[in-house]
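So the chains spell out like this:
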Amino acid sequence: MSGHGTPIPMTSTPCGALTGTAQVPGDKSISHRALILGAMCVGETTITGLLEGQDVLDTAQAMRDFGAEVTDHGSGRWSVRGVGVGGFAEPERVIDCGNSGTGVRLIMGAMATQPITATFSGDASLNGRPMARVTDPLALFGCQTVGRSAGRLPMTLVGARDPIPVRYTVPVPSAQVKSAVLLAGLNAPGETVVIEQEATRDHTERMLAGFGAEISVRDTDAGREITLTGQPELVPQHIDVPRDPSSAAFPVCAALIVPGSDVLVPNIGLNPTRAGLFTTLREMGADLTYENEREEGGEPVADLRARYSPDMKGIEVPPARAASMIDEYPVLSVVAANATGQTVMRGVKELRVKESDRIEAMASGLRANGVTVEDGPDWWIVTGLGAGKVPGGATCASHLDHRIAMSFLILGMAAQSPVHVDDGGPIATSFPIFEPLMTQLGADVQRD
Ligand SMILES: O=C(O)C1=C[C@@H](OP(=O)(O)O)[C@@H](O)[C@H](O)C1
Ligand SMILES: C=C(OP(=O)(O)O)C(=O)O
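Residues numbered from 1 in each chain as written. Chains lettered and ligands numbered in written order. Predicted model: local features only at pLDDT ≥ 70, side-chain atom pairs only at ≥ 80, totals over all residues. Heavy atoms only, no water.

### With respect to the site of ligand 2
Here's step 1: By nearness alone, 13 residues border ligand 2, and Lys-28, Thr-102, Arg-129, Glu-355 and Arg-403 come closest of all.
Here's step 2: The side chain of Arg-358 places a nitrogen or oxygen atom 3.0 Å from an oxygen atom of ligand 2.
Here's step 3: Arg-403 is positioned such that a nitrogen or oxygen atom in its side chain is 2.6 Å from an oxygen atom of ligand 2.
Here's step 4: Taking 290 Å² as the accessible area of ligand 2 by itself, protein coverage stands at 98%.
Here's step 5: Sorting the residues of the shell around ligand 2 by element identifies helix H3 (101-111) and helix H11 (402-413) as the ones contributing at least two each.
Here's step 6: Here the shell around ligand 2 is built from residues that sort into no nonpolar, six polar and seven charged. (Near = heavy atom within 4 Å. Polar contact = N/O pair within 3.5 Å; in protein donor to acceptor, adjacent residues only side chain to side chain. Areas by Shrake-Rupley, 256 points an atom, 1.4 Å probe, with all protein chains shown as cover. Helix = DSSP H or I, 4+ residues; strand = E, 2+ residues; numbered from the N terminus. Nonpolar A, V, L, I, M, F, W, Y, C, P; charged D, E, K, R; others polar.)

### Concerning unusual backbone geometry
Here's step 1: The omega torsion of the bond from Leu-153 to Pro-154 falls at -5°, within 30 degrees of zero and hence cis.
Here's step 2: In this structure, Pro-154 sits in the loop between strand S8 (144-147) and strand S9 (155-158).
Here's step 3: At Asn-267, a residue that is not glycine, the phi angle is positive and equals roughly 60°.
Here's step 4: Tracing the backbone shows Asn-267 in strand S15 (residues 262-269).
Here's step 5: Here the phi dihedral of Leu-400 falls at roughly 55°; this positive angle occurs in a residue that is not glycine.
Here's step 6: Looking at where Leu-400 falls in the secondary structure, it is placed in the loop between strand S22 (395-396) and H11.

### A look at the UniProt feature "domain: Enolpyruvate transferase" (unreviewed entry) in the protein chain
Here's step 1: UniProt's entry tags residues 15-436 with the feature "domain: Enolpyruvate transferase" (unreviewed entry), counted in the numbering of this structure.
Here's step 2: Secondary structure over residues 15-436 splits into 28% helix and 27% strand, and the C-alpha atoms at its two ends are 15 Å apart. (UniProt positions renumbered as here; feature names shortened; annotations may be inferred.)

### Observations concerning the environment of Ser-324
Here's step 1: Secondary-structure assignment places Ser-324 in the loop between strand S18 (316-317) and helix H9 (329-337).
Here's step 2: Along the chain, Ser-324 and Ile-36 lie 288 residues apart, while their C-alpha atoms are 23 Å from each other.
Here's step 3: Residues contacting Ser-324, with those up to four places away along its chain left out, are Pro-272, Thr-273, Arg-274, Ala-275, Gly-276 and Leu-277.
Here's step 4: Separated by 2.8 Å, the side chain of Ser-324 and the backbone oxygen of Arg-321 make a polar contact. (Contact = heavy atoms within 4.5 Å.)

### Quick look at the confidence of the model for the protein chain
Here's step 1: Residues of the protein chain with pLDDT of at least 70 account for 99%, and the chain-wide mean is 97.
Here's step 2: Two summary scores accompany this predicted model of the complex, namely pTM at 0.98 and ipTM at 0.99. (pLDDT = per-residue confidence, 0-100.)

### Focus: the packing of aromatic side chains
Here's step 1: Applying the stated criterion across every chain, the model contains three aromatic pairs.
Here's step 2: Ring geometry for Phe-66 and Phe-88: centres 4.8 Å apart, planes at 25°, overall stacked. Of this pair, Phe-66 sits in the loop between helix H2 (54-65) and strand S4 (69-72) while Phe-88 is found in the loop between strand S5 (78-83) and strand S6 (95-96), placing the two residues 22 residues apart along the sequence. You'll find Phe-66 and Phe-88 in the same group, each marked buried.
Here's step 3: One Lys or Arg, Arg-282, reaches over the ring of Tyr-290 and ends 4.0 Å from the middle of that ring. (Phe/Tyr/Trp six-rings, centres within 6.5 Å; stacked < 30°, edge-to-face > 60°. Buried < 20%, exposed > 50% of the residue type's maximum accessible area, 1.4 Å probe, protein only. Lys NZ or Arg CZ within 6 Å of the ring centre and 35° of its normal.)

### Thoughts on the site of ligand 1
Here's step 1: Ser-29, Arg-33, Thr-102, Pro-173, Ser-174, Ala-175, Gln-176, Arg-201, Ile-326, Asp-327 and Lys-354 make up every residue found near ligand 1.
Here's step 2: One of the backbone N or O atoms of Gln-176 is found 2.8 Å from an oxygen atom in ligand 1.
Here's step 3: Of the residues belonging to the shell around ligand 1, the class tally is three nonpolar, four polar and four charged.
Here's step 4: Domain assignment of the residues forming the shell around ligand 1 places at least three in each of domain 1 (10-25 + 242-447) and domain 2 (28-229). (Domains from an automatic or database assignment.)

### Observations regarding the UniProt feature "active site" (unreviewed entry) in the protein chain
Here's step 1: When the UniProt feature table is mapped to this numbering, "active site" (unreviewed entry) covers Asp-327.
Here's step 2: One can find Asp-327 in the loop between S18 and H9.
Here's step 3: When near neighbours in sequence (up to four residues on either side) are disregarded, Asp-327 contacts Arg-201, Ser-246, Lys-354, Arg-358 and Arg-403.

### Focus: the environment of Ala-363
Here's step 1: Here Ala-363 lies in helix H10 (residues 358-368).
Here's step 2: Look at Ala-363 and you get buried, because its relative accessible area is 0%.
Here's step 3: For the pair Ala-363 and Ala-89, spaced 274 residues apart in the sequence, the C-alpha separation amounts to 45 Å.

### Here's the deal with the pairing of strand S12 (residues 215-220)
Across a regular strand the side chains alternate sides, sitting on one face of the sheet and then on the other.
Here's step 1: Both S12 and strand S13 (residues 223-229) contribute to a ladder of six bridges, which runs antiparallel. Its bridge partner lying in S13, Asp-219 is registered against Arg-224. (Pairing = 2+ DSSP bridges.)

### Brief notes about the domain arrangement of the protein chain
Put simply, an interface is often sized by how much accessible area is lost when its parts join up.
Here's step 1: Splitting the protein chain by domain gives domain 1 (10-25 + 242-447) and domain 2 (28-229).
Here's step 2: Measuring from the centre of the C-alpha atoms in domain 1 to the corresponding centre in domain 2 gives 29 Å.
Here's step 3: In this assembly, 22 residues from domain 1 lie in contact with 23 residues from domain 2.
Here's step 4: The tally of links from domain 1 across to domain 2 stands at three salt bridges.
Here's step 5: Arg-129 is the salt-bridge partner of Glu-355, the closest N and O atoms lying 3.7 Å from each other.
Here's step 6: Linking domain 1 with domain 2 are twelve residue pairs in polar contact (both at pLDDT 80 or more).
Here's step 7: Of the residues contributing to the side of domain 1 that touches domain 2, the split by class is eight nonpolar, six polar and eight charged. (Salt bridge = Lys/Arg side-chain N within 4 Å of Asp/Glu carboxyl O.)

Structure representation (structure tokens):
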């Protein structure tokens, strides 16, 4: 959904202990992929636990625009009657991906090797994000792009009539770029090979295998090499979407910094390409345990239990861990402000090209609330004040970025004075039940 409604200013007031169980919604990355791959099968894919956040709803609408039948059966149950690999219809209107980088980049990949033309756009945040990282490799398949010179949306893609498979080394650590190339490779004859120097979330590879594609992964000196055989007949699946570790991060971090808290966050996927935050928090001394560890649908899953941890210490987060916690640095910086010593985060320049420049957004909001932050092109350092010592009291800009808005609301729960955000509207893109869920745990989060 393009554009953005009236801003929703919000305030988080310091609260008493957070307690109870937090049932966070389905994984956003997996939800997008389930809809897109469902649309590329002949037959009906069924999905349970789909995240019904705006980002995913925009992908559902896009799949309808490309000819798939996407039905909402209520309570997170959805079905997709797909059109098969190479069967996308030419959309009659602009594909509006709203706020979602994952949505637009994966869908561009999926249509790039089909003989159709589509125009893509989004909100002011998405239209400011780099797209050449996707259109460059898609050009190798024979897909043409017409658009703004800076490689920004809106832009039109003319899909390749006779696609050729590619061998491509992803130049930035990005699961979205990797996935776009793999989805384009689906409709190219022969083998498409993607090499990533740093491992990023592997949901596309896992799901392609689940849908019956021939895909193999091996570790080489150049990195992780993924080989996909094009033009398979994908087989419809049932997908039970696990709960999102990136959403779980918010109640977990809140519990660690609010005195007396004890919160259970059940059924969280702990795929190693996603779980870096939890490892980091434990290294900082967080009382965070994995209960009932098990495997579900080939993924490691556990119930997370987070308890107030007043003695956390800042650490240097290993840069090699960045990809596995890339969306969690904003909320980590809030925990870091409530720890003692410095938390050093390096190798994170990708944070500057998310829904906002997340280093800049967090650094300026934290400073306004009394926290010392230093930053450079691909690093930032938060100097912790210790448990409960953040003054708070400031209004922070969310810059159309859900994770920034939620992070500052978490900051307010453990600060000395309330913290305000200028617009909580973007929270609905990934975590539409954030407010009631946090309130039910005992937080005081209000719309102004
Ligand atoms: O593939 C995905 O589902 C995602 C990949 C990451 O983006 P990049 O690929 O740009 O790192 C992440 O930040 C985003 O929230 C979801
Ligand atoms: C970066 C994110 O999403 P996207 O790139 O899909 O907009 C996110 O959810 O934090």
